Amino acid sequence: MKIASKCIVSLDYTLHLGDGDIIDRSSEGEPLVYLHGIGQIVPGLERQLEGLTAGDAVQLTVPPKDGYGELDPKAIQEVEKKAFGDRAVKAGDEFIAVDDHENEIPVRIQSIEGEKVTVDFNHPLAGMTLHFSIKVTAVREATEEELTHGHAHGGDGHHHHD
Ligand code: ZN
């Protein structure tokens, strides 16, 4: 069947940012499995996968606006060093911050000058054009349970409860 909304899709992928250096990939024999059509993967990738079937192998390019977004200058902010408490911070550090809504946000220390720390809250892949190499390994209809849960359940019978 063709990839469409409410399908469970399995695919092998690699990702590079234009220079060919692979920065992310599915593990050997462990494809990415996701519920199609609800934004579990970046929008530009989801859209371009529509209509493909198991066995298809494609190269897909996703511009920043359809990927992790454009770089937002407003997401680069200066904060007081004391906001980090006892944590020793240095330029280049990356860690996960948690906002008021319990969302996890990857942040990067851009620079430190005296008591001022410049923090970049942009997604690490914001502003990047994403180059995917994709091999679709399976497409099937989602079960009622998967649709209710809003995610794929493993083909190995593994199940979890939210
Ligand atoms: Zn579940």
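Everything quoted here is computed from the prediction, not taken from an experiment.

The rules behind each value
- Residues numbered from 1 in each chain as written.
- Predicted model: local features only at pLDDT ≥ 70, side-chain atom pairs only at ≥ 80, totals over all residues.
- Heavy atoms only, no water.
- Helix = DSSP H or I, 4+ residues; strand = E, 2+ residues; numbered from the N terminus.
- Buried < 20%, exposed > 50% of the residue type's maximum accessible area, 1.4 Å probe, protein only.
- Polar contact = N/O pair within 3.5 Å; in protein donor to acceptor, adjacent residues only side chain to side chain.
- Donors = N, O, S within 2.8 Å, 3.2 Å for Na, K, Ca; no water.
- Core = buried A, V, L, I, M, F, W, Y, C linked by side-chain atoms within 4.5 Å.

Locating His153 in the fold gives a position in the segment after helix 2 (144-149). You can call His153 buried: its relative accessible area is 9%. Polar side-chain contacts of His153 include one of 3.5 Å to the side chain of His151.

Summarising the metal site, the zinc ion is bound by the protein donors His149 (ND1), His151 (NE2) and His153 (NE2), whose distances to it range over 2.1 to 2.2 Å. Within one chain, the residues serving as donors to the zinc ion are arranged as H-x1-H-x1-H. On the accessibility criterion, His151 (15% relative accessible area) is buried.

Most peptide bonds take the trans configuration, and most residues that are not glycine carry a negative phi. Even without being a glycine, Lys6 presents a positive backbone phi close to 70 degrees. Summarising the element assignment, Lys6 is placed in the segment before strand 1 (7-16). Exposure remark for Lys6: the relative accessible area of 54% places this residue in the exposed category.

It is worth spelling out the nonpolar core at this point. Counting residues in hydrophobic clusters, the biggest one holds 20 residues, and the most contacted among them are Leu45, Leu49, Phe132 and Ile134. Residue assignment for this core shows that the elements contributing at least two residues are strand 1, helix 1 (43-49), strand 4 (57-62) and strand 9 (130-141). In terms of nonpolar packing, the next biggest core, distinct from the first, is built from seven residues, Phe84, Phe95, Val107 and Val117 among them.

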